[in-house]
Amino acid sequence: MAAATRRALAPLLTSRNRKLQESVLSMSYSRSGWRGGFEEGACRREFSSTAAPSMGSDEKFVDEIEKIRHAYEEAKRSFLNIPVALKDMPKMDPEGIYVNRNVRLDDIEVFGFDYDYTLAHYSGNLQNLIYDLAKKHLVNELRYPESCLLFEYDPTFPIRGLCYDRLRGCLLKLDFFGSIETDGCFFGRHKISLEKIKEMYGSRHIGRAQARVLVGLMDFFCFSEVCLIADTIQHFVDAKLDFDPSNVYEDINQAIQHVHKSGLLHKEILSDPTKYLVKNSQLFCLLKKLKEKGKKLFLLTNSPYSFVDGGMRFMLEDIGDVRNSWRELFDVVIAKANKPHFYTSEHPFRCYDIANDTLAFTAVDQLLPDQVYYHGCLTSFLQITKWKGPEVIYFGDHLFSDLRGPSKAGWRTAAIIHELENEIKIQNGERYRSYQAKFHIIEELLGKLYATVVSGERGHDYRRLVQELNVERQHCRSTMRSLFNSNFGATFLTDTGQESAFSYHIHQYADIYTSKPENFSSCSLESWLHVPYDIKIMPHHVKVPSSLLKSQ
């Protein structure tokens, strides 16, 4: 985006000082050198082609500063025309299918699906429900203070992809290279300053030893967990109660797990499906299309069958008889699979008796379409079905539980990331693109300033210009972050527009990713899904078309 932005803005610069301006705009942008951006007064980048000038008179350095000052004033005037310069840039499809590794759909014979947040779409009410049930478990079963019952879920606080430091009690947003976001560290509901981050961790970068105490919060159920962790720690701090951050995490994680495994959550959802589930006729169209094309389909979920059955019936109830025969769409249905252990264990399959809610004692040596199976393992699944890894693709929302195991087993993987639609819409917006363009220009001026003026010559004019540039830079970062989430910013991006740690895990475990399975309905099953030729890391990030470059 940075290189493209420089080219897009080139026509906005005046002919005066063209030589200097072109040198500023043509500065090299190396991903390996840009890890975490600048902090005020400190250079964090590497410039392979720009060297500090040889020592000369004071006038020479003053002249260099004035030239950069002039370029900054020109840039500020050009900011008014940024929307015009960016109007021809392409917009990414919020419902698009994005490719990390090439996939030939004509080679895929078997399509597997998770249930929760993959086939099943939930409303925002679900996070409130999980939060409320978990806090009651903390108080009633784990004897947390009754004042915790006053907590309320705040949907504006969390994002997916954060890490929790069990040793220090901090919620962290990390970038692609494992560095803490400058404004992405919270202790309770209190944001930790950069100085405090460096005091606690030594630097912004998380080393291997420190990473061992981090817990990734990656699935869609983590929103309520993140919020409950922050609220509980803040409550203990405000009440001046001693606590161990590790124990807080273990208790809250136990409460969240209890909500799921006890059946409380499932019971509440099925008692009022209209409140929690979203009907989805497009899902049926996709599954029917796959069946008509002769593809094999299987459902692999950790949820119990009764919950899945109730949800599927509700979601498909407007399609007539399908609601009562949704299982006919699948060749294999496996519930209570206990992922991610399903992929590494040797647990046997058990045949589930739907009428009596019991498990059979006989060994399972075949997986039949008219039966439902519990537990099992990947080894037995592949032995029984004879389905080879590369011809299987599995859709899931949890990067670790759903996708890491299949990717290591040779399956193709598709991540379902519901936040993707909204984040792409924001990235397509004029306001975000304008501030991102401003940010890149300011960064390059700072880089030019740091690389040109040696430390011994940093006088008043230099310090004033650095301060102005850093203030403008911070304003751009804060504005871009607030467009997504005022606390942690975007899920996929850092405040500087680079990829987050969540993006790293998607890139590592998902061959393709999209916002929902139904996006494949309009995709030909003979398609070859290719990684874009100009890809950097995440293919849904904005690119500049070649036609715009040729017009310069």
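Residues numbered from 1 in each chain as written. Predicted model: local features only at pLDDT ≥ 70, side-chain atom pairs only at ≥ 80, totals over all residues. Heavy atoms only, no water.

1. Things to note about the overall build of the chain
Thought 1: What the chain contains, in helices and strands, is 20 helices and 19 strands.
Thought 2: Each of the 552 residues in the chain was classed as buried or not, and the buried ones make up 55%.
Thought 3: Considering only contacts within the chain whose residues lie at least 6 apart along the sequence, 77% involve residues at least 24 apart.
Thought 4: Roughly 24,000 Å² of accessible area belongs to the chain as shown, and the carbon and sulfur atoms make up 50% of that amount. (Helix = DSSP H or I, 4+ residues; strand = E, 2+ residues; numbered from the N terminus. Buried < 20%, exposed > 50% of the residue type's maximum accessible area, 1.4 Å probe, protein only. Contact = heavy atoms within 4.5 Å. Areas by Shrake-Rupley, 256 points an atom, 1.4 Å probe, with all protein chains shown as cover.)

2. Thoughts on the sheet that holds strand 13 (residues 349-353)
Thought 1: One open sheet holds the ten strands; their spatial order is 1-18-17-16-3-11-12-15-13-14, and the pairing between them is mixed. Each end of this open sheet is capped by a strand with a single partner; those strands are strand 1 (98-99) and strand 14 (358-359).
Thought 2: Where helix 14 (residues 378-385) meets the sheet, its contacts fall on strand 11 (296-300), strand 12 (332-335) and strand 13, and the angle it forms with strand 13 comes to roughly 80°. (Pairing = 2+ DSSP bridges. Axes fitted to C-alpha atoms, helices over the stretch in contact; angles between N-to-C directions.)

3. Here we look at the pattern of salt bridges
Thought 1: Within this structure, the stated rule accounts for 26 salt bridges.
Thought 2: Between R104 and D106 there is a salt bridge, and its shortest N-O distance comes to 3.1 Å.
Thought 3: Overall, the relative accessible area of 36% leaves R104 in the partly exposed class.
Thought 4: We classify D106 as partly exposed; its relative accessible area is 27%. (Salt bridge = Lys/Arg side-chain N within 4 Å of Asp/Glu carboxyl O.)

4. Considerations on the packing of helix 16 (residues 419-428) against helix 17 (residues 430-452)
Thought 1: For the pair helix 16 and helix 17, interaxial distance at closest approach is 5 Å and the crossing angle is 65°. Between helix 16, through I426, Q427 and N428, and helix 17, the contact on the second element is made entirely by E430, Y432 and R433.
Thought 2: When the residues that make up the contact of helix 16 with helix 17 are grouped by side-chain class, the tally is two nonpolar, two polar and two charged. (Nonpolar A, V, L, I, M, F, W, Y, C, P; charged D, E, K, R; others polar.)

5. Considerations on the packing of aromatic side chains
Thought 1: In the structure shown here, the tally under the stated rule is 37 aromatic pairs.
Thought 2: Ring geometry for Y164 against Y249: centres 5.7 Å apart, planes inclined by 25°, an arrangement best described as stacked. Of the two residues, Y164 sits in strand 5 (residues 162-165) while Y249 sits in helix 9 (residues 245-261), which places them 85 residues apart along the sequence. The pair Y164 / Y249 is uniform in exposure class, with both members buried. (Phe/Tyr/Trp six-rings, centres within 6.5 Å; stacked < 30°, edge-to-face > 60°.)

6. Things to note about the confidence of the model for the chain
Thought 1: Confidence in the prediction for the chain averages 84 pLDDT; 84% of positions are at 70 or higher.
Thought 2: When the criterion is pLDDT under 50, residues 1-55 qualifies, and its contacts beyond four places in sequence or with other chains add up to 112 contacts.
Thought 3: For the stretch residues 543-552, pLDDT sits under 50, and the model shows 18 contacts to residues farther than four places along the chain or on other chains. (pLDDT = per-residue confidence, 0-100.)

7. Regarding the sheet that holds strand 8 (residues 190-191)
Thought 1: With respect to topology, five strands assemble into an open sheet ordered 8-7-6-5-9, the strand pairing being antiparallel. Edge positions in the sheet fall to strand 8 and strand 9 (214-217), since each of these pairs with one other strand and no more.
Thought 2: Both strand 7 (residues 180-187) and strand 8 contribute to a ladder of two bridges, which runs antiparallel. If you follow F186 over to strand 8, its bridge partner there is K191.

8. Observations concerning the pairing of strand 15 (residues 372-375)
Thought 1: One ladder, built from two bridges, connects strand 12 with strand 15; its direction is parallel. Residue pairing in the sheet places A335 in a bridge with Y374 of strand 15.

9. Here's the deal with the environment of R104
Thought 1: With respect to the helices, strands and loops of the structure, R104 is situated in strand 2 (residues 103-104).
Thought 2: Residues R104 and E526 lie 422 residues apart in sequence; the distance between their C-alpha atoms is 7.3 Å.
Thought 3: Apart from residues lying up to four places away in sequence, R104 is in contact with S527 and W528.
Thought 4: Side-chain polar atoms of R104 contact the side chain of D106, separated by 3.1 Å. (Polar contact = N/O pair within 3.5 Å; in protein donor to acceptor, adjacent residues only side chain to side chain.)

10. Here we look at the side chain of K135
Thought 1: Relative to the elements of secondary structure, K135 occurs in helix 5 (residues 125-140).
Thought 2: Those residues in contact with K135 that sit more than four places away from it in its chain are C148, L149, L150, F151 and L228.

11. Observations regarding helix 18 (residues 460-484)
Thought 1: With 25 residues, helix 18 ought to run about 36 Å at 1.5 Å a step, and its terminal C-alpha atoms sit 37 Å apart, in line with that.
Thought 2: Burial in helix 18 covers these residues: Y462, L465, V466, L469, N470, R473, C476, R477, T479, M480, R481 and F484. (Expected span 1.5 Å × (residues − 1).)

12. Observations regarding the packing of helix 5 against helix 9
Thought 1: At a closest axis distance of 8 Å, the pairing of helix 5 and helix 9 adopts a crossing angle of 120°. Taken together, helix 5 and helix 9 sit at an angle that is classed as oblique. Considering how the two elements wind past one another, helix 5 and helix 9 form a crossing that is right-handed. Where helix 5 abuts helix 9, its residues I130, L133, A134, H137 and L138 lie against D251, I252, Q254, A255, I256, H258, V259 and H260.
Thought 2: Here the residues of the contact of helix 5 with helix 9 are counted per class, giving eight nonpolar, four polar and one charged. (Parallel < 35°, antiparallel > 145°, perpendicular 65-115°, else oblique. Left-handed = near helix turned anticlockwise from the far one by under 90°.)

13. Side note on unusual backbone geometry
Thought 1: For the peptide bond that leads from K339 to P340, omega is 5°, which places it in the cis range.
Thought 2: Position of P340 relative to the elements: it lies in the loop between strand 12 and strand 13.
Thought 3: Residue Y117 is not a glycine yet carries a positive backbone phi of 60°.
Thought 4: With respect to the helices and strands, Y117 occurs in the loop between strand 3 (110-113) and strand 4 (121-122).
Thought 5: Phi angles above zero are rare outside glycine, and H375 is one such case at about 60°.
Thought 6: Examined against the element boundaries, H375 turns out to sit in strand 15.
Thought 7: Judged by relative accessible area, H375 falls into the partly exposed class, the value being 22%.

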